[in-house]
Each structure stands twice: as C-alpha cells, then as structure tokens.
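Listed below are the residues making up each chain.
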Amino acid sequence: MAFAALAFFSSCTKELDIVPEGSPSAQNFWKTKEDAIKAEAGMYENYNAEDFYGRGMFWFINASDDMVTGRNKPEADNIKNFNRTYVGGGYTETQWSMRYAIIKRANDIIINVPAIAMDETLKKQIIGDAYFNAGLVYFQLAANYGNDKAGVPIVTPESDPSQPIARAKNVNENYDYIISLLLKAADNLPLFSAMKPADYGKAHKTAAWAYLSKVYLYKKDYANAAKYADMVITSGQHDLVNTGFADVFKAANNWSKEYIWSVVCTPSGGGTGWGSKLPGVMLTNKAWGIYNGWGYYLPTKELYDSYETGDQRREATILKPGDKFMFFGAERSFTKDGGATSNYQFKKYMEPFSYANPIPMHVNPNGDNGTTDLNVPLMRYAEVLLIKAEAAINLSGAGAGDTEMNKIRQRAGLGTKTGMTIDDLKRERRNELAGEWADRHRDLVRWGDAQVTYAKPLHDFDGSVIWPARTFNPQVHDVWAVPQREIDNSAGVIKQNPGW
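A quick note: this is a predicted structure, and the numbers were derived from the prediction, not measured.

A. Region of interest: the packing of aromatic side chains. Tallying each qualifying case throughout the model produces 48 aromatic pairs. A centroid spacing of 5.2 Å and a plane angle of 80 degrees characterise the contact between Y47 and Y53, whose relative ring orientation is edge-to-face. The pair Y47 / Y53 is uniform in exposure class, with both members buried. Residues Y304 and Y344 carry aromatic rings whose centres are separated by 5.6 Å and whose planes lie at 25 degrees to one another, so their mutual orientation is stacked. Pair noted here: Y304 is in helix α11 (residues 301–305) and Y344 is in the loop between β8 (330–333) and β9 (345–346), with a separation of 40 residues, a long-range link. For the pair shown, Y304 and Y344 are each scored as buried. Through a chain of ring-to-ring contacts, the aromatic side chains of F60, F82, Y86, W96, Y100, Y138, Y145, Y177, Y454, F472, W480 and W500 assemble into a single cluster. Of note, K80 hangs over the ring of W467, and the distance from its end group to the ring centre comes to 5.5 Å. A cation over a ring is seen here: R470 above Y454, with NZ or CZ 4.3 Å from the ring centre.

B. Spotlight on the nonpolar core. Counting 141 residues, the largest nonpolar core has F132 and W261 as its most contacted members. With 14 residues, the single largest contributor to this core is helix α6 (residues 120–145).

C. How the structure looks around unusual backbone geometry. The residue after I359, namely P360, is reached through a cis peptide bond having omega 0 degrees. Position of P360 among the secondary structure elements: in the loop between β9 and β10 (376–380). Phi angles above zero are rare outside glycine, and A491 is one such case at about 55 degrees. Checked against the element boundaries, A491 lands in the segment after α18 (484–489).

D. Just the layout of surface pockets, in detail. Volume-wise, the largest pocket comes out at about 550 Å³. What lines the largest pocket is a set of 23 residues, among which N147, K220, V445, R446 and D478 lie closest to the centre. Within the residue set of the lining of the largest pocket, elements represented by two or more residues are α7 (171–188), α16 (440–447) and α17 (450–454). Here the residues of the lining of the largest pocket sort into 9 nonpolar, 6 polar and 8 charged. In this structure, the second largest pocket spans a volume of roughly 420 Å³. The wall of the second largest pocket is formed by 17 residues, among which Y100, V155, P161, Q163 and E486 lie closest to the centre.

Here is what the cut-offs are and how they apply
Just so you know, the residues in each chain are numbered from 1, in the order the chain's sequence is written. Where local features are concerned, this predicted model is filtered to residues with pLDDT of at least 70; where side-chain atom pairs are given and counted, the filter is 80 or more; whole-chain, interface and lining totals use all residues. For side-chain calculations, the full set of non-hydrogen atoms in the structure is used, while hydrogens and water are omitted. The pairing test for Phe, Tyr and Trp rings, Trp by its six-membered ring, is centres within 6.5 Å, and the orientation test on the planes gives stacked under 30 degrees, edge-to-face over 60, and tilted for anything in between. Here the term buried applies to any residue with accessible area under 20% of the maximum for its type, exposed to any over 50%, and partly exposed to those in between, with areas from a 1.4 Å probe on protein chains only. For the purposes of this entry, the term helix denotes a DSSP run of H or I that reaches at least four residues, the term strand denotes a run of E that reaches at least two, and both are numbered from the N terminus. Should the NZ of a Lys or the CZ of an Arg lie within 6 Å of a ring centre and within 35 degrees of the ring normal, that charge is described as sitting over the ring. Definition of nonpolar core: a set of buried residues of the types Ala, Val, Leu, Ile, Met, Phe, Trp, Tyr and Cys, connected through side-chain atoms within 4.5 Å. A pocket, in this scheme, is an open set of points on a 1 Å grid over the protein atoms alone with protein on both sides within 12 Å along at least 5 of 7 lines, while a cavity is a set where a 1.4 Å probe fits but cannot get out; residues line either one if an atom lies within 4 Å of a point. Grid points are joined across faces, edges and corners, and a volume is the space filled by probe spheres set on the points. Residues are grouped as follows: Ala, Val, Leu, Ile, Met, Phe, Trp, Tyr, Cys and Pro are nonpolar; Asp, Glu, Lys and Arg are charged; all remaining types, including Gly, are polar.

Next up, the structure:
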C-alpha cells in the first residue's frame, strides 16, 4: 500500500502539506500510532482529486433540471441525455475505483489498527473515521449504481482484494451494510464539539447519524430516517446559520453549527491548494479575463422560477444578467461568457472571489485548480431538517414536517405555512440545496418524478430553449452505467446494469 501522509488537519485554515512516504510494506507498517495517523490521512487522498469532489459524480447531478453543462462537451452531454456512448469515457470511469480505494484503506485500518499499542481514545476515533468513510462512499456508489435488480459489490475487511466480487443482489443489501458501517462509526466517533480545531474535517458522531438518516430515507424506512435526523436535531451540536442564507457560504462559517460534512479546501496548502475545485468549475468560463473559471454546471430558468417571491435563497444561489456582485474587489454587473449555454451562474461559491487581491489567501493562484478557502458542503444541517420533514410527511401526512420546513423558510425570509405537503417539501429541498452535492437528480429518481420532469425542455433567462426534452426510461436510467473498466477488470464477474 502507498500512503500519502497528509498533515491534514494542521490548523483552522487547513493548509495541507502532502509528504511522500514511499511504499511501506505490510510487514513494517501498522506498528505505531504514527502509522495509524498516516493511514487515516490516506483515506482522504482522493478528496483532492479533480474527478472526485471537483467534478466526478457531479456530472450525474448535472442530469437534473436545475442546470445544464454550460459548455460544448459531448461526453458530458451524453451523460445528461442518458446516452450510453458516455460509457468508457474519462469523466466518470474512475468513480468506482476511487471509492473502492477508500474502502480498501478503511478496511485496512479496521483490520490493523486495533492491534497497535497506542492511546485508546485516538485509536477509537481513527477506527470510527474508517467506518464512516467506508459507509459514505458505499452510499455514493449504491445510490448511483444500485437498484432492486442489483447492488454494488460489498468488499468487507475480510474480503480477498485480489479476487473480483460479484454485485450485491439489490441495493437494499447495500443499504443494510452501509447502515452497519455508519452505526459502528457513530459508536466510535466523538461529537464535533469535543474535537480539537486541528482535527476539524475528520468524521464525527452527528455526521454518522446524519448520513444514517439519509440512507434510511433512500431505503424508504421513514421511521428510522426520522429517528436519526432527530438524534442530530436534539444533539445540541447544530443549528442553522441565523444571519442569512448567503452567510452559509462564507469561509468564516466553514465550521459553523450548520456544518455536518464538507470537503476541506484551501487555496494554497502544500503550494498547490487542496480539496474541491467546484468553485472554479462553476465560475463563468474565463471569468471576464481575470481568472480561469471553467464555466460548467450553469443554472436554468426552471430553477430560477421555482423560488417563491421574496425567497432570499434565489439571489444568494443564482446570478442573472445585470446582477451586481463583487469580484476581485470590484463591483461587476453579471454577463455570461460568449460561449456559455446559459445566461445564469451559480453564486453559492463566489465569496472567496469577492475580495481585492484574493490570491493566494482566498483563491488558488492556479486557475486550473480552482480551490478556495471555502469548504464545499456535502451535508448541511438544513438537509437534516429536510430529511426529518420528508420522513415525517411520509409517516403522518401533510403538516407533519411544518416545524422543520418553517425553520428553513424563515431563514430564507419567507413566512411560515401550515399543512405543508410532500410537494412543498420537494420545492424546499430544491430551493435550499440547489447547486450542491445533495443531488437533485437522485431526488427526482427516488420520488418517481424524473421521467415527467425530463420530458420537458430547459430554458434560459430569456425563455429560449437551451436543452431539449429528454427520454428517461425509469426501468433503465434509474441507475448509471457501471464503468466499463470494472466489468473488464473483473473478467465479467461484475455485470452491467440492464439496458446500458
């Protein structure tokens, strides 16, 4: 095994140093506390990969009605259009292997760290982190590739990594295994409030509970989804950022009470920056000649028009032509890049670019690696409230999620409502989490709304069609195609999803 030993949680500013450690053998590794710490850091190596939380599975999220590709990219367009010719291409082909690499590293920790003579509290935390990371990436794999016909391979700590493993019989088998991992994670992990600032970014107890609630929601076990969401809500650890929705996406609030789980990001750690490139990816192509924005994942009129009048989240989420905003210390009026397919841009990740001379304190000097000092959220407390509301409505009917949804609505500057239905929940989830990793496309699929939604074209600011209607077959497109390399490398043990 090769471990990248990361000085991963060295300060509140999260400047990460990547120190090559060579390739220690199994015989001389797993001896000391330092080995356990290096192994833990090694699980996070892929968090810095462009195709992990920079783009990667965001190409799948891009299939939703909230956004369009933004630039002429045939492979990306084929993904959005559910065209199997994307299979074997570079954008998503590594999604399995990168996640199973994390699972392998987590499994190695689970097997080897218990025997190391070291502080027991630290040992327990590292083992909990391994269970959490394995559960998280398994969830990402299962939700995107698994259904009632087949799940994804379950590679346990006892599995022989040299032998290909067939897919689980269905996705619920995966969900049950993921639940077991996250329960063990929660048992071992500390509360976030008990962690030292140097350890911020590592897994913690309420993050495990939050993902348990989401797994149970996807499993349609609404009682347990509500149970674990309530455990987060009543833990005393979390709350909404109460100074306004836009403030959620300020680097100063990376570790606010709304934080559940994020990609730790720095603009210049280790000399190259670290973490998710999504802020640079979503920035308008060429950024008006000032910075190398990439111009992908641009909002649609459908998303813009979905907000209620007076919803402060709309202007905090989307830039449209003529909107005023700060960029590199100067006020600008928003205009799109000439080749962009939409006149909108997501605004959520723009705060680091607002400062005068933001490089390198806030923004990566290298526009090809557009990380910033804003941690990109993967799960926020607001989503936990929405999970509780959705579970409650499914259990008890209209009005059962009013308490949770009204907290979110009031923060957005909207009035409270009573008797809110599942349709209200769907709108609140869309408007709260647009442009984030929460995954609007997966929501539409699990709600059974994808076929009807995608049968409609998508529009630009002026009402012109920027994406034609698409054909979504719920018997095929409810999951994505298994990467061809995984089928080939397994000598056919791993089978393709039917229809792909």
